[in-house]
Amino acid sequence: MPKSPSKTIAKKASKPNRLEDKLARLGLRSDMDLLLHLPMRYEDETEIMPMRDAGFMAGNTAQVEGVVTSCDIQYRPRRQLVVTLSDDSSQLILRFLNFYGSQTKQLAEGARVRARGEVRHGFFGPEMVHPAYKVVEEGAALPEALTPVYPAGEGVSQTVLRKAIADAMKRMDWHDTLPDSLRSGLGLMRFEPAIRLLHNPPPDVDEHALIERTHPAWTRMKFDELLAQQLSLKRAQAARRLKGAAALSIRGTLFQAFLATLPFKLTGAQERVLKEIQHDISESYPMQRLLQGDVGSGKTIVAALAAAQAIDSGYQAALMAPTEILAEQHFRKITQWLEPLGVKVAWLTGSLKKKEKTEAQAMIESGEAQLVVGTHAVIQEAVQFPKLGLVIVDEQHRFGVGQRLALRNKGMEGKIVPHQLMMSATPIPRTLAMTYYADLEVSVIDELPPGRTPIVTRVIDQNRRDEVIDRIHVAAREGRQVYWVCPLIEESEALQLQTATETHQTLVEALPDLRVGLVHGRLKPAEKQLVMDAFSRGEVHVLVATTVIEVGVDVPNASLMVIEHAERFGLSQLHQLRGRIGRGSAASVCLLMYQGPLGIVAKERLAIMRETTDGFEIARRDLQIRGPGDFLGARQSGEALLRFADLEGDQPLVEQARDVAQRLLQEDLATVEAHLARWLGGREDYLKV
Ligand code: ADP
Ligand code: MG
């Protein structure tokens with residue numbers, strides 16, 4: 001068979017052996033990437049310890065130097081290389097259980113060796129097992145700085161990294177991106193000495209401060225990073241203002257008519273956020289606003305009013321929700337409110353039959369549908385909105401970055417960009433909103449509609465399950481409705497389903513005079529709807545549910561909730577679930593059933609749930625337990641935005657960076673450019689999601 005020359009070439013080209021490729025796999029592409037690859041810890045190789053002193057150091061690391069006085073391969077208890085090293089004070093044994101033949105030559109009698117490792121007491125005195133060592137000349141210089149230990153990767157050793165970083169330092173253009181006056185005014189270290197210190201700290205450095213990242217050199221890194229982030233956010237914001245959007249006129253006829261027919265009076269907080277939104281969407285550049293409000297605070301009506309403003313101006317509005325149940329609830333509520341006023345509402349989800357889908361799409365594309373409600377199908381399907389003026393995304397944090405990007409691009413083809421209103425019941429702490437959520441205005445509903453009675457939460461061991469069942473029996477006979485939430489089983493959806501079915505069966509048997517319904521993620525939408533409807537109408541007394549009811553479900557008469565294996569849920573999830581009750585005037589009770597023994601974190605979570613129903617407080621405590629990255633979930637945060645700063649711990653720096661960013665954008669664009677070029681290179685895109 002003839003050899004194919006092209007094949008050989010292809011093979012060679014794909015060999016991932018080049019240093020650059022290996023470094024790239026660690027995310028190290030530019031010199032700046034290398035400089036910002038900071039050590040995890042340091043080793044002190046700046047001193048040699050006399051062997052006699054090292055002998056008292058058992059359990060600690062020491063560096064010694066001496067001459068080899070013997071080098072033998074021993075066979076008992078197993079094959080090993082045993083080297084005796086002597087200096088003026090004493091001697092020490094180096095023991096190698098795995099070794100190459102070449103090492104016997106390298107460590108031959110008479111060689112001078114510098115070794116570093118943990119000292120332990122051996123049978124023949126102090127020894128080191130598998131120390132790091134090198135053969136040196138007499139009087140060879142010691143390093144003047146601590147030796148960095150970097151996060152390394154496959155095929156990239158510490159030596160390789162140290163050299164690559166040292167080379168990058170030689171090539172680096174070290175100018176400081178911060179003008180001197182600004183820098184010294186903030187009490188920050190200069191850029192170059194800060195970076196150099198972090199890579200090669202002097203032996204007398206406060207090592208604790210380095211590891212804890214409180215050293216001034218770290219402060220400089222964190223500040224620079226936060227400043228870059230704030231600058232790019234503000235620039236994205238400025239860019240958005242240059243785009244066109246439909247200026248939707250305030251207080252048109254539909255809006256007024258809708259307001260007049262509301263079954264309740266808006267709360268002060270609802271009035272306030274509505275004004276903010278109305279004002280924004282009356283501008284001719286696209287709004288991007290996050291509406292935060294605790295569960296039950298009444299975000300839906302605010303969204304519907306905003307939609308009315310769009311329709312008033314002859315534009316279409318779209319409302320998306322992350323789950324079908326939630327979308328359906330919105331659809332029913334909104335048609336109830338707006339159809340009597342003559343608004344055409346279309347319904348669009350992935351599970352629609354082909355024919356229904358085509359009909360909905362036709363209605364949207366002809367412009368007949370003024371409002372579209374649905375799941376992410378609204379953006380995924382090939383739907384063309386001729387005049388999309390406003391997009392509302394409920395529970396926006398549950399949509400992934402990809403879906404948010406698709407949404408962002410929807411309607412981008414044309415000249416106008418739709419206004420965006422995002423809603424979330426997961427309150428995002430201020431620093432997070434300022435940083436993770438690029439270029440976002442935030443409105444907060446910080447008040448619940450009147451007449452709600454606070455929820456009482458109790459934590460109960462699950463061996464008292466029978467008591468709990470008795471209790472719901474009594475409550476249901478009094479006309480109250482009950483949610484029974486089945487445990488979250490992350491490993492297996494099938495198992496979760498099985499548990500829900502079994503729980504349902506148990507409750508049906510235990511409560512023969514009550515109607516017990518079951519709803520879970522595997523039901524067909526129509527079946528789900530049947531159960532939810534019956535529950536809404538009060539015909540089903542107890543609703544056994546998986547976490548599909550987590551978001552948005554609104555049945556005000558339900559006032560008792562049991563959550564099984566509450567210890568398996570996260571705080572925000574528990575809060576979301578609990579938010580399904582306490583919506584009517586009846587006093588509500590939430591029973592968190594757990595299976596002991598509880599771990600420390602689970603115990604703390606349940607205690608927090610018992611202590612407070614305030615979503616913001618819960619989010620704050622959640623952030624403390626989990627840290628910001630995990631708070632949003634990797635899915636949400638995309639590429640980790642902040643490598644050095646910690647939003648909770650470095651809050652003052654965040655504020656400082658924000659103020660400086662503001663000032664620089666007004667006064668010193670050259671500095672802005674220089675700083676962004678150094679810190680972001682070409683990676684600004686992810687900030688815009
Ligand atoms: P969420 O903010 O969790 O989405 P909803 O919009 O579902 O909350 O509202 C929760 C419940 O409160 C709904 O039944 C809604 O009709 C009712 N509601 C909203 N605003 C008010 C108000 N100002 N006064 C009385 N009830 C209200
Ligand atoms: Mg809602």
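As a reminder, the structure under discussion sits directly above these lines.
I will try to describe carefully the structure that is included in this document.

1. A look at the site of ligand 1
Close to ligand 1 lie 17 residues, the nearest being G296, K299, T300, R452 and D554. Here S297 contributes a backbone N or O atom positioned 3.5 Å from an oxygen atom of ligand 1. In the model, an oxygen atom of ligand 1 is placed 3.0 Å from a nitrogen or oxygen of the G298 main chain. In the complex, 86% of the free accessible area of ligand 1, which totals 560 Å², lies under the protein chains. With respect to the detected pockets, ligand 1 is housed in the second largest pocket.

2. With respect to the packing of helix α11 (residues 253–261) against helix α13 (residues 299–312)
α13 packs onto α11 with a crossing angle of 150° between their chain directions and a minimal axis gap of 7 Å. On the basis of their axis angle, the class for α11 and α13 is roughly antiparallel. Residues T253, L254, F255, F258 and L259 of α11 touch α13, and the partners they reach there are I301, A304, L305, A308, Q309, I311 and D312. Classifying every residue of the contact of α11 with α13 by side-chain character gives nine nonpolar, two polar and one charged.

3. Focus on the pattern of salt bridges
Here the structure, examined in full by the defined rule, presents 32 salt bridges. The salt bridge partner of E192 is R196, with a shortest N-O separation of 2.9 Å. Residue E192 and its partner R196 are both found in helix α8 (residues 191–199); the two are separated by four residues, about one turn of the helix. On the basis of relative accessibility, which here comes to 25%, the residue E192 falls in the partly exposed class. A salt bridge links E655 to R658; the nearest nitrogen and oxygen atoms lie 3.4 Å apart. Of the two residues, E655 and R658 both sit in helix α26 (residues 651–667), three residues apart, roughly one turn of that helix. Several salt bridges converge on common partners, so that one network encompasses E65, R112, R114 and E138.

4. Details of the sheet that holds strand β10 (residues 288–293)
Strand order in this open sheet of seven strands is β12-β13-β11-β14-β15-β10-β16, and the pairing throughout is parallel. Lying at the two open borders of the sheet, with one neighbouring strand each, are β12 (345–348) and β16 (441–445). In this sheet, neighbouring strand axes are inclined to one another by 20° on average, regardless of whether the strands run parallel or antiparallel. Pairing geometry for strand β11 (residues 316–320) and strand β13 (residues 371–374), over four bridges, is parallel.

5. Examining the layout of surface pockets
Volume-wise, the second largest pocket comes out at about 630 Å³. Surrounding the second largest pocket, 29 residues form its lining, G298, T300, K333, D554 and R583 being those nearest its centre. Broken down by secondary-structure element, the contributors of at least two residues to the lining of the second largest pocket are α13 and α14 (324–338). It is α14 that contributes the most residues to the lining of the second largest pocket, six residues altogether.

6. Some remarks on the packing of aromatic side chains
The final tally for this structure, using the stated rule, is eight aromatic pairs. Relative to F191, the ring of W174 lies with its centre 6.0 Å away and its plane at 50°, an arrangement referred to as tilted. With W174 in the loop between α6 (158–171) and α7 (180–185) and F191 in helix α8, this pair connects stretches of sequence that are 17 residues apart. For the pair formed by W174 and F191, the shared burial category is buried. Three or more aromatic residues link up through ring pairs in this structure, and these residues are W218, F644 and W679.

Rules behind the numbers
- Residues numbered from 1 in each chain as written.
- Chains lettered and ligands numbered in written order.
- Predicted model: local features only at pLDDT ≥ 70, side-chain atom pairs only at ≥ 80, totals over all residues.
- Heavy atoms only, no water.
- Near = heavy atom within 4 Å.
- Polar contact = N/O pair within 3.5 Å; in protein donor to acceptor, adjacent residues only side chain to side chain.
- Areas by Shrake-Rupley, 256 points an atom, 1.4 Å probe, with all protein chains shown as cover.
- 1 Å grid on protein atoms, 1.4 Å probe; cavity = no way out; pocket = protein on both sides within 12 Å on 5 of 7 lines; lining within 4 Å.
- Sits in = over half its atoms within 2 Å of the grid points.
- Axes fitted to C-alpha atoms, helices over the stretch in contact; angles between N-to-C directions.
- Helix = DSSP H or I, 4+ residues; strand = E, 2+ residues; numbered from the N terminus.
- Parallel < 35°, antiparallel > 145°, perpendicular 65-115°, else oblique.
- Contact = heavy atoms within 4.5 Å.
- Nonpolar A, V, L, I, M, F, W, Y, C, P; charged D, E, K, R; others polar.
- Salt bridge = Lys/Arg side-chain N within 4 Å of Asp/Glu carboxyl O.
- Buried < 20%, exposed > 50% of the residue type's maximum accessible area, 1.4 Å probe, protein only.
- Pairing = 2+ DSSP bridges.
- Points joined across faces, edges and corners; volume = space filled by probe spheres on them.
- Phe/Tyr/Trp six-rings, centres within 6.5 Å; stacked < 30°, edge-to-face > 60°.

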